[in-house]
Amino acid sequence: SGNSTAGADARGGGVSMFGSAPLAIVNSALIGNETAGARAHGGAVYALGETTVFGSTFAGNAVTGSNADGGAIYGSVYQVLNSTVTGNRADGVGGDGGGLYAGSPVRIADALVLGNVAANPGADEIGGSSILGIVADGFNLVGSAAAAFAASGFARIANADPVESGGSRAPGVA
């Protein structure tokens, strides 16, 4: 946490994997990492190989600079399982994927992806060239999503009280 990289084409403020080796991030917290510079990618993680994220939290990570993508994670093929991605940013002209940037299909299962921000309109939570290749399993909560997310099976609750939407609160919770 709290790591940074800087310069044109900087990659992965916390973790950088340039080869095709698989990467597993398990029960981890990547918080407050930053990658800065033109075409910077992956505020917390930059990975080209198959990446699995399980039981982990990505919060407060950022990429800054023109065409900077993937506030938390920038990758090609990956899956996010039982994890939280929130409060991450892709700042700068053309910034895409405030939370996640996917270059290929991404699988998201039992995940919370919300409260992320990107300069590119419509790409706050998830951006990338394969946005229609998202596979959603289990129960997901995505805060800001395009119609493609709903078509992919995401549960979208944005600015709504779950009780008013048909849910219920636990006893003793106001």
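Rules behind the numbers
- Residues numbered from 1 in each chain as written.
- Predicted model: local features only at pLDDT ≥ 70, side-chain atom pairs only at ≥ 80, totals over all residues.
- Heavy atoms only, no water.
- Helix = DSSP H or I, 4+ residues; strand = E, 2+ residues; numbered from the N terminus.
- Buried < 20%, exposed > 50% of the residue type's maximum accessible area, 1.4 Å probe, protein only.
- Contact = heavy atoms within 4.5 Å.
- Pairing = 2+ DSSP bridges.
- Core = buried A, V, L, I, M, F, W, Y, C linked by side-chain atoms within 4.5 Å.
- Axes fitted to C-alpha atoms, helices over the stretch in contact; angles between N-to-C directions.
- Polar contact = N/O pair within 3.5 Å; in protein donor to acceptor, adjacent residues only side chain to side chain.
- pLDDT = per-residue confidence, 0-100.

*Asks:* Any chance you could explain the overall build of the protein here in plain terms?
*Replies:* What the protein contains, in helices and strands, is 1 helix and 20 strands. Within the protein, the fraction of its 174 residues that count as buried is 44%. Partitioning the intrachain contacts of the protein with sequence separation of at least 6 by distance along the chain shows that 73% fall at a separation of at least 24.

*Asks:* Could you clarify how one ought to interpret the sheet that holds strand 9 (residues 62-64) in this entry?
*Replies:* Strand order in the open sheet formed by 5 strands is 1-5-9-13-17, with parallel pairing between adjacent strands. Strand pairing shows two members of the sheet lacking a second neighbour, strand 1 (4-6) and strand 17 (117-118), which therefore form its edges. Pairing between strand 9 and strand 13 (residues 89-90): 2 bridges, direction parallel. Bridged to valine 63 within strand 13 is alanine 90.

*Asks:* Quick question: what am I supposed to make of the pairing of strand 11 (residues 78-81) here?
*Replies:* Taking every second residue as pointing to the same face, both faces of strand 11 are buried, with Tyr78 and Val80 on one and Gln79 and Leu81 on the other. As defined by bridge partners, strand 7 (residues 51-54) adjoins strand 11 across 4 bridges and the pair is classed as parallel. Of the residues in strand 11, the one forming a bridge with threonine 51 is tyrosine 78. Pairing of strand 11 with strand 15 (residues 106-109), which is carried by 4 bridges, proceeds in the parallel orientation. Paired with tyrosine 78 across the bridge in strand 15 is valine 106.

*Asks:* Where do I start with the nonpolar core in this structure?
*Replies:* One broad trend across soluble globular proteins is that nonpolar side chains are buried collectively. Of all hydrophobic cores here, the largest spans 20 residues; its most connected members are Ile25, Val45, Phe58, Ile73, Tyr78 and Leu100. Mapped onto this core, the elements with two or more residues apiece are strand 3 (23-26), strand 6 (45-47), strand 11, strand 14 (100-102) and strand 15. Once you skip the residues sitting within four places of it in the chain, leucine 100 turns out to touch Ile73, Tyr78, Val80, Val85, Ile108, Glu125, Ile126 and Gly127.

*Asks:* Please explain the pairing of strand 7 as it appears in this structure.
*Replies:* Both faces of the sheet carry side chains from a regular strand, because those side chains alternate between them. Side chains of strand 7 alternate between two faces, with Thr51 and Val53 buried and Thr52 and Phe54 left unburied. Direction of pairing for strand 3 relative to strand 7: parallel, over a ladder of 4 bridges. Bridge pairing in strand 7 links alanine 24 to threonine 52.

*Asks:* Explain the sheet that holds strand 19 (residues 135-137) here, please?
*Replies:* Sheets are built from strands paired through backbone hydrogen bonds, the pairs being either parallel or antiparallel. Pairing is parallel in the open sheet, where 5 strands are placed in the order 3-7-11-15-19. Bordering the open sheet on either side are strand 3 and strand 19, each of which pairs with just one other strand. If you compare each strand with its neighbour and ignore which way they point, the axes differ by 10° on average. The sheet contact formed by strand 15 and strand 19 spans 3 bridges and is parallel. In the sheet register, isoleucine 108 faces strand 19, and the bridge partner there is alanine 136.

*Asks:* What is the right way to look at the environment of glutamate 125 in this model?
*Replies:* Residue placement: glutamate 125 occurs in the loop between strand 17 and strand 18 (126-127). Since its relative accessible area comes to 2%, glutamate 125 is described here as buried. Taking C-alpha positions, glutamate 125 is 9.9 Å from alanine 72, a pair spaced 53 residues apart along the chain. Among the polar contacts listed, one links the side chain of glutamate 125 to the backbone nitrogen of glycine 115, at a separation of 3.5 Å.

*Asks:* So what exactly am I meant to see when it comes to the confidence of the model for the protein here?
*Replies:* Interpretation of the predicted coordinates at a detailed level should be avoided for regions scoring low in pLDDT. Across the protein, the average pLDDT comes to 80, with 76% of residues at 70 or higher. Considering only residues more than four positions removed or in separate chains, one finds that residues 145-174, a stretch of pLDDT under 50, has 33 contacts.

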